[in-house]
Amino acid sequence: MRLSARVDYALRAAAELAATASGPGRGRPVTADQIARAQEIPPKFLESILLQLRRGGIVHAQRGPEGGYWLARPAEEISLAEVIRVIDGPLAHVRGQRPEQLGYHGPARALQEVWIALRASEREILELVSVADVAAGTLPARVMELVADPRAWT
């Protein structure tokens, strides 16, 4: 699985907003500059990502001196999969197509099922983990089981 820099930055920004929402000063919008500094994200790049997240219903924004960004819903209700879909579209593509749209023939026919199973596996984890889980550093037991396997790290 490859994640773009946009997705990585979007997930980090969402986690930052989740942590800010539950910490001191909660309820106040967080500026893009604050997020960029805290997560070491290029500010101009972050601005376009935050715009995408706003259009996708992940964050709200307010302009002005008291402006900034905040999560549109509780962080517990925002899965990593949702953020990824807003930024990059569907979870699994092969040559820019959804696996169910591919036409394999002969001995390669089973590849389509492999790609669909791969997408289902990704979806299982990415929908299980919320932005709140990441921000709190408390991942679901299923994720921790997978991480505990030394083969997962290679």
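Counting from 1, residues in each chain are numbered in the order their sequence is written. Where local features are concerned, this predicted model is filtered to residues with pLDDT of at least 70; where side-chain atom pairs are given and counted, the filter is 80 or more; whole-chain, interface and lining totals use all residues. Calculation of side-chain values draws on the structure's entire complement of heavy atoms; hydrogens and water are dropped beforehand.

Side note on helix α5 (residues 110–128)
Here comes step 1: The terminal C-alpha atoms of α5 lie 27 Å apart, and with 19 residues this matches the ideal 27 Å at 1.5 Å per residue to within 8%.
Here comes step 2: In this scheme, a residue with accessible area under 20% of its type's maximum is buried, one over 50% is exposed, and one in between is partly exposed, where area comes from a 1.4 Å probe on protein chains only. Secondary structure elements are defined from DSSP: runs of H or I of at least 4 residues count as helices, runs of E of at least 2 residues count as strands, and each element is numbered from the N terminus. All buried positions along α5 are accounted for by R119, E122 and L126. Seen from one end, α5 has its buried residues packed into an arc of 65°, which puts them on one side.
Here comes step 3: Here a residue-residue contact requires only that any non-hydrogen atoms of the pair lie within 4.5 Å. Of the surrounding elements, those touching the buried residues of α5 are α4 (80–88). Each helix should span, by expectation, one fewer than its residue count multiplied by 1.5 Å. In this description, the arc belongs to the directions extending from the helix axis to the C-beta atoms.

Regarding the packing of helix α3 (residues 43–55) against α4
Here comes step 1: Where α3 meets α4, the axes come as close as 9 Å, and the angle between the chain directions of the two elements is 110°. By the criterion of interaxial angle, the relationship of α3 to α4 is roughly perpendicular. Read as a crossing pair, α3 and α4 show a hand that is right-handed. For the pair formed by α3 and α4, the contact residues are I49, Q52 and L53 on the first element and V83, V86 and I87 on the second.
Here comes step 2: Across the contact of α3 with α4, the residue classes tally to 5 nonpolar, 1 polar and no charged. Every axis corresponds to a line fitted to the C-alpha atoms, with the helix fit spanning only the stretch in contact, and the corresponding angles, defined between N-to-C directions, vary from 0 to 180 degrees. Each angle is binned into one of four classes, with values under 35 degrees roughly parallel, values over 145 roughly antiparallel, values of 65 to 115 roughly perpendicular, and all other values oblique. Left-handed describes a crossing whose near helix is turned anticlockwise from the far helix by less than a right angle; the clockwise case is right-handed. Classification convention: Asp, Glu, Lys, Arg as charged; Ala, Val, Leu, Ile, Met, Phe, Trp, Tyr, Cys, Pro as nonpolar; all other residues, Gly among them, as polar.

Overview of the pairing of strand β2 (residues 68–71)
Here comes step 1: Pairing analysis gives 4 bridges linking strand β1 (residues 59–62) to β2, with the strands arranged antiparallel. The residue bridging Q62 from the neighbouring strand is G68, located in β2.
Here comes step 2: Criterion used throughout: strands pair if DSSP finds at least two bridges between them. With antiparallel pairing between neighbouring strands as the criterion, β1 and β2 make up a hairpin whose turn holds 5 residues, including G64 at a positive phi of roughly 105°.

Remarks on the pattern of salt bridges
Here comes step 1: For this document, the term salt bridge refers to a Lys or Arg side-chain nitrogen within 4 Å of an Asp or Glu carboxyl oxygen. According to the stated counting rule, one finds 6 salt bridges in the structure shown.
Here comes step 2: Across the pair E82 and R73 runs a salt bridge, and its minimum N-O distance is 2.5 Å.
Here comes step 3: Residue R73 is classed as partly exposed on the basis of its relative accessible area of 28%.
Here comes step 4: For R142, the salt bridge identified is with E145, shortest N-O distance 3.6 Å. Taken as a pair, R142 and E145 lie in helix α7 (residues 141–148) at a separation of 3 residues, close to a single helical turn.
Here comes step 5: What you see here is one network of salt bridges that share partners, running through E124, R142 and E145.

Structural notes on the side chain of E122
Here comes step 1: By the element assignment, E122 lies in helix α5.
Here comes step 2: Counted as positive: Lys and Arg. Counted as negative: Asp and Glu. His and the chain ends are not counted at all. With no salt bridge to any partner, buried E122 finds its closest opposite charge in R119, at an N-O distance of 7.5 Å.
Here comes step 3: When neighbours within four sequence positions are excluded, E122 is seen to be in contact with M1, L91 and A92.

Comments concerning the nonpolar core
Here comes step 1: Take the buried Ala, Val, Leu, Ile, Met, Phe, Trp, Tyr and Cys residues and link them wherever side-chain atoms come within 4.5 Å; each set so joined is a nonpolar core. Core analysis: the biggest nonpolar cluster contains 34 residues, and L46, L53, L71, V83 and V131 have the highest contact counts within it.
Here comes step 2: Those elements giving two or more residues to this core turn out to be α1 (5–22), α2 (32–39), α3, β2, α4 and α6 (131–136).
Here comes step 3: No other element matches α1, which puts 8 residues into this core.
Here comes step 4: When sequence neighbours within four positions are dropped, the list of residues in contact with V131 reads A14, A15, A18, A75, I78, L80 and V83.

Side note on the confidence of the model for the chain
Here comes step 1: Each residue carries a pLDDT score, the predictor's own confidence in it, on a scale running from 0 to 100. In the predicted model, the chain carries a mean pLDDT of 91, and the fraction of residues at 70 or more is 96%.
Here comes step 2: Element-level mean pLDDT values for the chain span from 91 in α5 up to 97 in α3.

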